[in-house]
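Coordinates in review
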There are 2 protein chains.
Amino acid sequence: MSKNSQNTSQSLGEFDLIERFFKRSSFSQNQSVILGIGDDCALLEVNPGEVVAASIDTLVSGVHFFADEKPFNIGYKAVMVNVSDLAAMGAQPRWLTLALTLPEVNENWLELFSQGLFQALDETGMSLVGGDTTRGPLSMSLQVQGTVEKDKALKRSGMQVGDALYVSGPLGGAALGLAYRLGKIAFNDENDGKAALLVDQALCLPKARWQFGLILKEYANSCIDISDGLVSDLNHLLKQSNCGAKVNLDDIPYHPAFNYLNFDLNKKWQYALAGGEDYELCFSVSQKNKEKLLNILRKENVKIFQVGEAVSGGMLSFYYKSKAESLKLSGYEHF
Amino acid sequence: MSKNSQNTSQSLGEFDLIERFFKRSSFSQNQSVILGIGDDCALLEVNPGEVVAASIDTLVSGVHFFADEKPFNIGYKAVMVNVSDLAAMGAQPRWLTLALTLPEVNENWLELFSQGLFQALDETGMSLVGGDTTRGPLSMSLQVQGTVEKDKALKRSGMQVGDALYVSGPLGGAALGLAYRLGKIAFNDENDGKAALLVDQALCLPKARWQFGLILKEYANSCIDISDGLVSDLNHLLKQSNCGAKVNLDDIPYHPAFNYLNFDLNKKWQYALAGGEDYELCFSVSQKNKEKLLNILRKENVKIFQVGEAVSGGMLSFYYKSKAESLKLSGYEHF
């Protein structure tokens, strides 16, 4: 927590910003927060036997979100995108620190932004425990921390040959949302633009799969969240696990909005497999644990989708209608 | 850790940046780092009975450092500024996560920046455990974490009436460094510009007082790091402790470079008390613990400077040659 706040000459100093928009009464904070906003550091008590999982991400206006995006959505998504990293570890979301860079103090913007932020914190049971505001081009960095048992944390490196390969939900919705925003696609949709609404929600108000991650850590061998598209993220799993994989394109679960588009197969695959920002989980489960996991999920009424299996070698190959298919996908790279 | 890295089409993806400049072999990492760079989250084992102290700060080019500042200095200072927050809690520095926003990939800049970063990490015994790089205007957010016993963490709120009030070292050096850079001052200095060199170091390569903080946590009642100037930061202590303070201006320790300037008293006070960025500690100690602390520090050859005492009421008052002095200081506020 920075402390640039004598507040003598100007109407709204940093301390006011934190006090006004980001401080909650200690009553509403988790018992584990020994010391939260208002000191140099936040002090966080960790449960015996549990470790801290930490992740940091920056979102820049015009790069990660539209400059005119609703501030509620920016705040909500900023949290969820980070919680998705915790979900991929099987960690229980716990604490957030926020570094917010603003070109000016816009109280209305801050009010709505903080509402979105706290909505996501409430949904995930997290506490904001520290912050820093800075003048500069609109951007923000969020560090989330969660806890998970040391020997159960889901890693990218744990995939074994023979594992079944799954995704936790339909893909391509966020990519369609982005294309719709940019005017690149239109839906054959007579239901009051229901498809447009769905893909906009997928893009702007993603739900991180942390509750599912808490189940998964008991059964899966490896896991990653799908932020850059299935192909890109699955390649990380393969590289770090020294595995290959066969993916059956027939089994990819597509976002329902694809039903309102006349895409050819290649275009559909481009959106669903390389589009990014779905924040579903991609994971592998041993044949031994597969039935146990499916039994639990049936009881919880959670659906997952097997899309392939882990094989030896480092190659990722695709099959469609039982024939090898060489995908041509455009990638996604920040630099 | 974000994962935007298929690295198929471009020469240097994010993963390469992390791998090349920020990843160290697991051998060189602290044993407590169960999982560091290369997965969705870093996993950090906390010692039994200890808690995590976390702090986040953003530094923006042109706001927090000169756009043409040496990248080594930027990296070094970015860490030290954050470690200073840990020092103020009496926490042992442990882990860093870094979110770096860059307008372009400049390998030379990154090489030097990472050298400065790791120099500071090595000096403070910290490990970089996660990171994120993003394209955008040059800025960075750093989250540091340290550990400290729950009942010994130094807080801003612990000051008691009657406490002796101290600072850990000379003040005003960084403010002089900034003024010198901006061409606002010149030194009457014939020793090869030694004063200029000293203040430039004070500004660009500050040393956080974390080792001193580890001693202090055993004895002090309250503590804050002096990032915005003594008056501003002391006011935070007073507000959160419901205390007042009397400060004797005769006892302020000044940076040696003041000897090469013809400042009048008011100007000297402005620089030393409101200049900011000294990263010394301001703290209060009970009369009972005062001698114990001084004895320990004599053995360690560490000097501290009593500048006043805590009194009842919320006022901060100043004395010079035993007379009340009403200071007129220009403040410092990011917004």
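Throughout, residues of each chain are indexed from 1 in the direction in which the sequence is written. Here the convention is simple: chains get letters from A, ligands get numbers from 1, in the order in which they are written. Per-residue local features of the predicted model are confined to residues with pLDDT of at least 70, and side-chain atom pairs are confined, for both listing and counting, to 80 or more; whole-chain, interface and lining totals are unaffected and use all residues. Side-chain numbers here rest on the full set of heavy atoms in the structure, without hydrogens or water.

An unreviewed UniProt entry lists chain A under the name Thiamine-monophosphate kinase, with Piscirickettsia litoralis as the source organism. UniProt positions are given in the numbering used here, feature names are shortened, and annotations may be inferred rather than shown by experiment. Listed under Function (unreviewed entry) in UniProt, the entry text for chain A is "Catalyzes the ATP-dependent phosphorylation of thiamine-monophosphate (TMP) to form thiamine-pyrophosphate (TPP), the active form of vitamin B1." Reading the Catalytic activity (unreviewed entry) entry of the UniProt record for chain A gives the comment "thiamine phosphate + ATP = thiamine diphosphate + ADP".

**Some words on the UniProt feature "binding site: Mg(2+) 4" (unreviewed entry) in chain A**
Residues and elements named next belong to chain A. Mapped onto the present numbering, the UniProt feature "binding site: Mg(2+) 4" (unreviewed entry) falls on Asp40, Ser55 and Asp85. Each helix corresponds to a stretch of at least 4 residues labelled H or I by DSSP, and each strand to a stretch of at least 2 residues labelled E; elements are numbered beginning at the N terminus. Assignment of secondary structure puts Asp85 in helix H2 (residues 71-87). Burial status follows relative accessibility: with a 1.4 Å probe on protein chains alone, a residue under 20% of its type maximum counts as buried, one over 50% as exposed, and anything between as partly exposed. By relative accessible area, Asp85 is classed as buried at 3%.

**Quick notes on the environment of B:Leu128**
Positionally, B:Leu128 belongs in strand E5 (residues 127-135). Between the C-alpha atom of B:Leu128 and that of B:Val144, which follows or precedes it by 16 residues, the distance is 9.1 Å.

**Some details on helix H2 (residues 71-87) of chain B**
Given 3.6 residues to a turn, an α-helix orients residues that are three or four positions apart in the same direction. Multiply 1.5 Å by the residue count of a helix minus one, and that product is the helix's expected span. Between its first and last C-alpha, H2(B) extends 24 Å over 17 residues, near the 24 Å set by a 1.5 Å rise per residue. Burial runs high along H2(B): 16 of the 17 residues are buried.

**Things to note about the packing of H2(B) against helix H3 (residues 107-124) of chain B**
Residues and elements named next belong to chain B. For the pair H2 and H3, interaxial distance at closest approach is 6 Å and the crossing angle is 35°. Between H2 and H3 lies a crossing of right-handed hand. Counting all contacts with H2, which are made through Pro71, Phe72, Ile74, Gly75, Tyr76, Val79, Met80 and Val83, the residues of H3 involved are Trp109, Leu112, Phe113, Gln115, Gly116, Leu117, Gln119, Ala120, Leu121, Glu123 and Thr124. Throughout this entry, Asp, Glu, Lys and Arg are counted as charged residues, while Ala, Val, Leu, Ile, Met, Phe, Trp, Tyr, Cys and Pro are counted as nonpolar. The remaining residues, Gly among them, count as polar. When its residues are assigned to classes, the contact of H2 with H3 shows 13 nonpolar, five polar and one charged. Lines fitted to C-alpha atoms define the axes here, with helix axes fitted over just the stretch in contact, and angles between the N-to-C directions of these axes take values from 0 to 180 degrees. Handedness of each helix crossing follows the sense of rotation of the near helix against the far helix: counterclockwise by less than a right angle gives left-handed, clockwise gives right-handed. Throughout, a contact is declared for two residues whenever any of their heavy atoms are within 4.5 Å.

**Digging into the UniProt feature "binding site: ATP" (unreviewed entry) in chain A**
All names here are of chain A. Per the UniProt entry, the sites bearing "binding site: ATP" (unreviewed entry) are Gly131, Asp132, Arg156 and Ser227 in this numbering. Overall, the relative accessible area of 0% leaves Arg156 in the buried class. Within the secondary structure, Ser227 sits in the loop between strand E8 (220-225) and helix H7 (230-241).

**Examining the packing of aromatic side chains**
Residue and element names in this part refer to chain B. Only Phe, Tyr and Trp rings take part, Trp by its six-membered ring, and two of them pair if their centres are within 6.5 Å. Stacked means planes under 30 degrees apart, edge-to-face means over 60, and tilted covers everything else. The full count for this structure, using the stated rule, is 18 aromatic pairs over all chains. Ring centres of Phe263 and Tyr271 lie 5.1 Å apart, and the angle between their planes is 35°; on these two criteria the pair is classed as tilted. Take Phe263: its relative accessible area is 18%, and that puts it in the buried class. Note on Trp269 and Tyr320: the rings are 5.2 Å apart at their centroids and 75° apart in plane angle, and the pair reads as edge-to-face. Placement of the pair is Trp269 in helix H8 (residues 265-274) and Tyr320 in strand E12 (residues 316-320), with a sequence separation of 51 residues. On the accessibility criterion, Trp269 (2% relative accessible area) is buried.

**Here we look at unusual backbone geometry**
The residue B:Asn301 is not glycine, and still its phi comes out positive at about 60°. Mapped onto the elements of the fold, B:Asn301 is located in the loop between helix H9 (287-300) and strand E11 (305-311).

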